[in-house]
Structure formats: structure tokens, C-alpha cells
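As a plain string of letters, each chain reads:
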Amino acid sequence: MSQDPASVPASRPGKLLLVGFGPGSEEHLTFRAKKAIEEAECVIGYRTYIDLVRPLIAGKEVIQTGMTEEIERASLAVDLAYQGRTVALVSSGDVGIYGMAGLAFEVLADRGWTGSEISVEVIPGVTALSSCASVLGAPLMHDFASISLSDLLTPWEIIVKRLHAAAQADFVVALYNPKSSKRVRQIEEAQEIFLKYRTPETPVGIVKSATREGESIVISTISDMLSHPIGMLTTILIGNSQTKIFQNRMVTPRGYQRKYDIHTGDRLARSERR
Ligand code: SAH
């Protein structure tokens, strides 16, 4: 049956898919993220990230831009969706964790999006603290904080305040963006801050390119952490006062042994509790 042209909408509503594709290997890409990338007509991302999803995007329009062109990337993605296209704006890890999702919403607000002109879906991914924790062992078993050491968008005084607060409160801490060729001092200052509150022997995990080519996993200590290579592709996990090294794995106890006999599983009597 032929359709009455008048009943066909002038253009179909566009779709903006904000996709986190995980740490790098395709095995750590979620099913939904993979489907979203496949569904997209156009894929937009930072050049290095596009290379990581290259096998999935053959035959699609691909727009890759440099690292400092985030606003341009988000604006282009929104504009193309407004033109009726299905667009995937991709970030590594989780798109909503130091990724592109927030900026996309800021651009949508700027364009006057009321929530219906185009559809917007945020698709989560395995973030670096999770992938890096898993290759180290189980360091995030207790309360933790995530702090980015990049002061490009956040004033350094605020980052310092958060480092003190997290270190003092005995959070396990994940440090994103610890160092770049231009930003070398921040990680040194972070180390100094942690040494004020934790012993120099506190375990530190240093993971580069988790699940990607060039993966490196180092278990170190707060006092020794700076003697290892740290760069843009590294995440650092600083243990809390209870974090231990066991068979070259970094493990933060949840506290079971305070309440139970780990051998028998029996609950300890109140007087035996540690
Ligand atoms: N949206 C990303 C974070 C982007 S910020 C996520 O959720 O993971 C960039 C920082 O993420 C890097 O400086 C590094 O600290 C961390 N990172 C991203 N991928 C990583 C990986 N595969 N291995 C180690 N660190 C990674």
C-alpha cells in the first residue's frame, strides 16, 4: 500500500546515543553499547578512541577530532541528531564518568532541547576504576572516591581539597588523569598529601591501558609510586589503611573477618570481634 506523502513526517526524529565503550577490548564492551554503535549512521569521537572501536564502524560516517575539541564534537553530534540522523558520540570507559555525556546535555540545554525534539540515550560502559581494579585484584571492596588530577577544567585548589578530604577519610582513591607530558607536578603533590594521612607502605596500583594493547599492571606503595611510569593512559588506585597485597593482588577487606571466622564461616562472639 502506498503511503500518502502528506502523512509522512518531514524528517524522522534524530537519535543521540551517548556511548561508553569500556576500557578498550571488545570483550569489555557491553551488548547495548555494541548495538548502539552498530545502529548509528554516524560515529563521533576522539581520534584515539575511534581507533579502539574501528572494527565496529566499517562503512559508517566517522568524525574524529582531537582531544581539545570536545565542545565541537558534542555540538556536531547534537546538530546531526537534530537533522534526523542517528548519531553515536563515543567515549572510552563510561560516557558519564569524565566522558562526553554531561557536555552533550549542556549543548542540548543551549539548543533549547525540551526532551522531545530528538531522543537521547546514555549507554554505560565499564569505567577505568572498575577495569583497573579488576586487573589489580579487589581494591575497591570498601568505600572509595574518584578524583581526576586534571586541572584543565577544575581549579587545582579544589582538587587539593578533595585529595585531603578523601585521604583523611580513609577512602580508597582512584586517580584519573594522573599525569601528562605537560602536567607532571599534580601527581607529586597528590603523593605528598596521601603521605600526611597514610603509611608510606600503603599499597598503590598503577594500571596503564587496562585490557588494551600495552597493558601494564604495577603494584607499588605510596612512597615508591613515582618511580614507575605514569601517563595519560594510567589510572592509579591508592589503598586505604586496610588494603593488603596478597599473591601480587591488591585487596581491600570488606570487614568479614571482624565478624566471622573466615575458615568456618561462623559468626564470632561479640567478645572475639576485632
Ligand atoms: N570516561 C573514561 C575516563 C576518561 S578520562 C572512563 O570512564 O574510564 C581519561 C582517564 O581515564 C585516563 O587519564 C586514565 O586515567 C583513565 N583511563 C581510561 N581508560 C583506561 C584504561 N584502559 N586503563 C587505565 N586507565 C584508563
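**Overview of the nonpolar core**
Turning to step 1, where the next piece is worked out: Ile147, Leu149, Leu163, Leu175 and Ile236 are the most contacted members of the largest nonpolar core, which has 23 residues in total.
Turning to step 2, where the next piece is worked out: Secondary-structure elements contributing two or more residues to this core are β7 (144–148), α6 (156–168), β8 (172–176), α7 (185–197), β9 (203–208) and β11 (234–238).
Turning to step 3, where the next piece is worked out: For this core, the element with the most residues is α6, which contributes 6 residues.
Turning to step 4, where the next piece is worked out: Every residue in contact with Leu163, bar those within four places of it in the chain, is listed here: Ile147, Leu149, Trp156, Leu175, Ala190, Ile193 and Phe194.
Turning to step 5, where the next piece is worked out: Grouped together as the second largest cluster of nonpolar side chains are 20 residues, Leu16, Leu18, Val95 and Leu103 included.

**Focus on the packing of α6 against α7**
Turning to step 1, where the next piece is worked out: Where α6 meets α7, the axes come as close as 9 Å, and the angle between the chain directions of the two elements is 30°. Accordingly, the angle class assigned to the pair α6 and α7 is roughly parallel. α6 and α7 meet at a crossing whose hand is right-handed. Residues Trp156, Val160, Leu163, His164, Ala167 and Gln168 of α6 pack against Gln186, Glu189, Ala190, Ile193, Phe194, Lys196 and Tyr197 of α7.
Turning to step 2, where the next piece is worked out: Residues that form the contact of α6 with α7 fall into these classes: 8 nonpolar, 3 polar and 2 charged.

**Examining the site of the ligand**
Turning to step 1, where the next piece is worked out: Near the ligand, the surroundings consist of 20 residues, among which Ile97, Thr127, Met232, Thr234 and Thr235 are the closest.
Turning to step 2, where the next piece is worked out: Note that an oxygen atom of the ligand is positioned 2.8 Å from one of the backbone N or O atoms of Asp94.
Turning to step 3, where the next piece is worked out: Backbone polar atom of Ser209 to a nitrogen atom of the ligand: 3.4 Å apart, as the coordinates give it.
Turning to step 4, where the next piece is worked out: About the coverage of the ligand: the protein hides 95% of its 540 Å² of free accessible area.
Turning to step 5, where the next piece is worked out: Of all the elements in the fold, those that place two or more residues in the shell around the ligand are α5 (128–136) and β11.
Turning to step 6, where the next piece is worked out: A breakdown of the residues in the shell around the ligand according to their chemical character gives 11 nonpolar, 7 polar and 2 charged.

Rules used in this analysis
Residues numbered from 1 in each chain as written. Predicted model: local features only at pLDDT ≥ 70, side-chain atom pairs only at ≥ 80, totals over all residues. Heavy atoms only, no water. Core = buried A, V, L, I, M, F, W, Y, C linked by side-chain atoms within 4.5 Å. Buried < 20%, exposed > 50% of the residue type's maximum accessible area, 1.4 Å probe, protein only. Helix = DSSP H or I, 4+ residues; strand = E, 2+ residues; numbered from the N terminus. Contact = heavy atoms within 4.5 Å. Axes fitted to C-alpha atoms, helices over the stretch in contact; angles between N-to-C directions. Parallel < 35°, antiparallel > 145°, perpendicular 65-115°, else oblique. Left-handed = near helix turned anticlockwise from the far one by under 90°. Nonpolar A, V, L, I, M, F, W, Y, C, P; charged D, E, K, R; others polar. Near = heavy atom within 4 Å. Polar contact = N/O pair within 3.5 Å; in protein donor to acceptor, adjacent residues only side chain to side chain. Areas by Shrake-Rupley, 256 points an atom, 1.4 Å probe, with all protein chains shown as cover.

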